[in-house]
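Each chain is listed here by its residues.
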Amino acid sequence: MLLKIIVSLFTLLVVAIAIIGYTPLPEGVQNPYKTQVLMGVFKILHFVMHVREYLGYDSLLNSIQKFQREIILEGETYSSKYGDVEVKRTKMANIPVIIYKPHSLTDQLSPALVYFHGGGWVIGTADEMDITAYDYAKSTNISVINVDYRRAPDFPFPIPAQDCVEVTRYILKHGDQFGIDVNKVGVGGESAGGNLAAVVSLALLNSDLPSLKYQVLTYPVVQGFNLHLPSYVDNNTTMPILTAKMTGALLSLYFGLDKLNTDYYAKVISENRHISPEFKKSKYSEYVNVNLLPKEFRTPNKTAPVVTEPYDPQVAAKVEPIIINPLFSPLMAPDLSGLPPAYIHVCEFDVLRDDGLMYARRLKDAGVSVTLHFGYGGYHGDTMFSDFLRSQSGRDGFRTACNFITGILKL
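Keep in mind it's a predicted model, so treat the numbers as computed, not measured. (Residues numbered from 1 in each chain as written. Predicted model: local features only at pLDDT ≥ 70, side-chain atom pairs only at ≥ 80, totals over all residues. Heavy atoms only, no water.)

A few points about the packing of helix H4 (residues 159–174) against helix H5 (residues 192–203)
Put simply, the test is: The angle between two axes is taken between their N-to-C directions and runs from 0 to 180 degrees, where each axis is a line fitted to C-alpha atoms and a helix contributes only its stretch in contact. In this text, helices come from DSSP runs of H or I with a minimum length of four residues, and strands from runs of E with a minimum of two, each type numbered from the N-terminal end. Any angle that falls under 35 degrees is termed roughly parallel, while one over 145 is termed roughly antiparallel, one within 65 to 115 roughly perpendicular, and all others oblique. Crossings are assigned a handedness: left-handed for a near helix turned anticlockwise from the far helix by less than a right angle, right-handed for a clockwise turn. Only heavy atoms matter for contacts: two residues are in contact if any of them lie within 4.5 Å across the pair. Under the grouping applied here, Gly and all other residues not named as nonpolar or charged are polar, the nonpolar ones being Ala, Val, Leu, Ile, Met, Phe, Trp, Tyr, Cys and Pro and the charged ones Asp, Glu, Lys and Arg.
Where H4 meets H5, the closest approach of the two axes is 9 Å, and the angle between their N-to-C directions is 60°. Between H4 and H5, the crossing angle belongs to the class labelled oblique. The interaxial crossing formed by H4 with H5 has right-handed handedness. For the pair formed by H4 and H5, the contact residues are Pro160, Ala161, Cys164, Val165 and Thr168 on the first element and Leu196, Val199, Val200 and Ala203 on the second. Split into classes, the residues belonging to the contact of H4 with H5 amount to eight nonpolar, one polar and no charged.

Digging into helix H7 (residues 244–255)
Quick reminder of the rule: By definition here, a helix of n residues has an expected span of 1.5 Å times n minus one. Relative accessible area decides the class of each residue, using a 1.4 Å probe on protein chains only: under 20% of the type maximum gives buried, over 50% gives exposed, and in between gives partly exposed.
In this model, H7 (12 residues) spans 16 Å end to end at C-alpha, consistent with the 16 Å of a helix rising 1.5 Å per residue. The buried fraction of H7 amounts to 11 of the 12 residues, a majority that puts the element mostly inside the structure. If you check which residues of H7 are buried, you get Ala244, Met246, Thr247, Gly248, Ala249, Leu250, Leu251, Ser252, Leu253, Tyr254 and Phe255. Tucked into the core, H7 has its buried residues touching H4, H5, helix H6 (230–235), helix H8 (262–270) and helix H10 (313–323). Remark: glycine 256 follows H7 within two positions and exhibits a positive phi of approximately 90°.

Re the packing of H7 against H8
At a closest axis distance of 7 Å, the pairing of H7 and H8 adopts a crossing angle of 115°. Considered as vectors, H7 and H8 are oriented roughly perpendicular to each other. As H7 packs across H8, the resulting crossing turns out to be right-handed. Along the contact surface, H7 presents Ala244, Lys245, Gly248, Ala249, Leu251, Ser252, Leu253 and Phe255, while H8 presents Thr262, Asp263, Tyr265, Ala266, Lys267, Ile269 and Ser270. A breakdown of the residues in the contact of H7 with H8 according to their chemical character gives eight nonpolar, four polar and three charged.

Let's talk about empty space enclosed by the protein
To locate leftover empty space, one rolls a probe as large as a water molecule over the atoms. Heads up, the condition is: The pocket and cavity definitions rest on a 1 Å grid over protein atoms only: a 1.4 Å probe that fits but cannot leave marks a cavity, an open set with protein on both sides within 12 Å along at least five of seven lines marks a pocket, and residues lining either have an atom within 4 Å of a point. Grid points are joined across faces, edges and corners, and a volume is the space filled by probe spheres set on the points.
Evaluated as defined, the whole model comprises two cavities of 30 Å³ or more. Volume-wise, the largest cavity comes out at about 50 Å³. Residue lining of the largest cavity: Tyr115, Thr132, Tyr136, Gly189, Glu190, Thr218, Thr383, Met384 and Phe398, and that is the complete set. Taken together, the elements giving at least two residues each to the lining of the largest cavity come down to helix H3 (130–140) and strand S5 (180–190). Of the residues contributing to the lining of the largest cavity, the split by class is four nonpolar, four polar and one charged. In this structure, the second largest cavity spans a volume of roughly 30 Å³. Here the residues of the lining of the second largest cavity are counted per class, giving five nonpolar, two polar and one charged.

Next comes the structure, spelled out in structure tokens:
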């Protein structure tokens with residue numbers, strides 16, 4: 001009798017988890033069974049956080065910083081156990097980094113990728129992207145410098161961007177001390193890390209240092225002006241990994257708004273109430289004009305949310321100067337000419353899809369060489385997992401990025 005009760009309870013638990021974790025996937029998503037499991041994990045996490053909120057604890061958005069892991073300063077990384085890449089921790093410009101160098105390059109100067117992890121400038125660490133950095137080093141046979149920049153909300157804009165600029169500047173000055181050929185250095189990252197890579201490329205464009213050779217931008221966020229672009233409208237509830245409201249929350253923390261009121265600021269930013277009506281009509285609106293998108297993506301398939309509340313003038317006064325600062329938004333830079341060749345990976349079912357498409361268009365219009373990879377059936381984060389968990393879009397995107405890097409370095 002007891003066994004029957006245990007089996008029944010276990011069955012009910014499994015059914016409950018399946019119901020809670022189920023996410024209706026859009027038609028065309030790749031590797032649906034694998035994706036369903038990944039989305040289910042995120043859905044269950046959201047459910048647990050909502051239960052906590054119901055019980056009187058902080059909401060998910062007000063608790064984002066609790067998911068922030070400490071930066072690790074010593075000890076072996078997970079990838080070091082493979083033994084085919086030398087992995088060591090050090091500091092550059094007083095910022096912790098992890099250096100990956102294939103053993104075949106031990107006695108020679110090697111090209112390098114300066115890599116910035118994602119996580120909305122708030123969560124994520126170099127160690128959490130250890131396997132991705134290792135994969136880049138192994139697949140391209142170059143050195144990778146995985147940067148542990150400081151993160152919001154304790155270190156809001158522009159500190160994370162400045163950390164990344166300073167580490168890259170240090171490498172271009174002193175890279176030979178680490179076995180790096182300073183004339184063959186590029187930058188890259190995913191999501192917020194893609195933003196930082198684009199920012200670094202802009203910041204160092206006219207410096208007296210060796211020029212960067214390439215930039216790898218994987219589903220980058222390059223603007224905070226408009227969170228009602230077609231990709232936000234169509235994909236906001238499609239995949240639970242990244243929504244407009246979560247993007248608004250991360251932006252609010254990066255902008256330096258009060259972290260104890262993240263729920264409110266996330267709502268304001270996701271509804272485009274963080275900028276004034278006059279600002280929306282300014283010259284900067286042309287940089288997020290849907291005409292920069294391919295024709296098939298200029299009109300959303302879903303209805304845009306109706307916003308009835310007015311903009312928040314206090315928020316606007318704080319964030320508008322940041323939104324137009326190229327150190328935050330590369331898309332707002334008036335002149336993109338002269339930047340290094342860019343690889344941009346965007347995903348069909350990602351709220352940030354249109355950011356990447358617009359930036360690719362503006363780079364091309366400025367005469368910059370752009371390799372655009374459109375991940376059909378892909379979603380935000382599809383390259384960040386191990387190869388086993390990556391969707392086909394993620395596998396293709398990562399492989400194409402590696403081919404782009406090796407192709408640039410052979411020129």
